[in-house]
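As a plain string of letters, each chain reads:
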Amino acid sequence: GEAIAGYKTGCVSLAVQRQLGIGHPVFGFLFQTEIFDSGVTLDSACFEDLAIEGEFAVRLAEDVCDPGRLSHRPESVIEAVLAVIELHNNVFHGATHRAQELIANNALHAGVVLPSGSGSRDLGDRLSVFRNGALLGTQTAAVVPGGILASLRSVAAHAASQGRGLRRGDLVLTGSPLPLYPVARGDAIVVQSAHCGEVQARIS
């Protein structure tokens, strides 16, 4: 019964693949009840081993029923690129990390926090992740293989193979250039970018 707010690709960058021990990307869904605005206070009891990623997301300006359009007119499809905080239930129950479990648990996805600004159309921006004022990591979108557009194409192609075209207004998470970072009660998280916005969340 959940309303779909968009889609995600995960386990894309080398940093995340090494961290999770899984060598290829996976696909997942974003749900409307798991979308939060910058400045939100999140209840840690609503999550399991909460971890976060700083990530770039794309909001679509029009429908994408044919993934080939992203090769010919990508600038017309993208309404905005946003810096976001992705939330994760960072739990694996198997003795080893396996792609089957990552797919079954919706690629660890537990929500996304959006910036208050309108973002930009910069496909090569840099983002930095801070926890309680301390820099955890900084990286550019180029670290994701093929960049933001390649991730968007892969999501569009996979959605099309499942009979799901991407729709205007959908949010697509393009994969984090940085690893997952654990967070705990009392932590304040900030993800900053040069052009694509700043987003904040606090863990209660």
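Thresholds, definitions, all that
Residues numbered from 1 in each chain as written. Predicted model: local features only at pLDDT ≥ 70, side-chain atom pairs only at ≥ 80, totals over all residues. Heavy atoms only, no water. Helix = DSSP H or I, 4+ residues; strand = E, 2+ residues; numbered from the N terminus. Polar contact = N/O pair within 3.5 Å; in protein donor to acceptor, adjacent residues only side chain to side chain. Buried < 20%, exposed > 50% of the residue type's maximum accessible area, 1.4 Å probe, protein only. Pairing = 2+ DSSP bridges. Expected span 1.5 Å × (residues − 1). Contact = heavy atoms within 4.5 Å.

(A) Local environment of the side chain of Glu86. Relative to the helices and strands, Glu86 is located in strand β6 (residues 78-89). One polar contact links Glu86 to His88, side chain to side chain, over a distance of 3.5 Å. In this structure the side chain of Glu86 is engaged in a polar contact, spanning 2.7 Å, whose partner is the side chain of His109.

(B) Structural detail: the pairing of strand β1 (residues 4-10). Most of β1 is tucked away: six of the seven residues are buried. When β1 meets strand β2 (residues 26-31), the two strands line up antiparallel, connected through six bridges. The residue bridging Ile4 from the neighbouring strand is Phe31, located in β2. When β1 meets strand β10 (residues 171-173), the two strands line up parallel, connected through three bridges. For Tyr7, the partnering residue across the bridge sits in β10 and is Val172.

(C) Up close: helix α5 (residues 147-161). Here α5 contains 15 residues, and its C-alpha end-to-end distance of 22 Å stays within 8% of the 21 Å for a straight helix at 1.5 Å per residue. Listing the buried residues of α5 in full gives Gly147, Ile148, Leu149, Ser151, Leu152, Val155, Ala156 and Ala159.

(D) Just the environment of Ile78, in detail. For Ile78, the location among the structural elements is in strand β6. Looking at Ile78, the relative accessible area reads 6%, which means it is buried. For Ile78 and Ile52, which are 26 residues apart along the polypeptide, the C-alpha to C-alpha distance reads 25 Å. For Ile78, the contacting residues outside a window of four places in its chain are Val58, Arg59, Ala61, Arg121, Leu123, Leu149 and Leu152.

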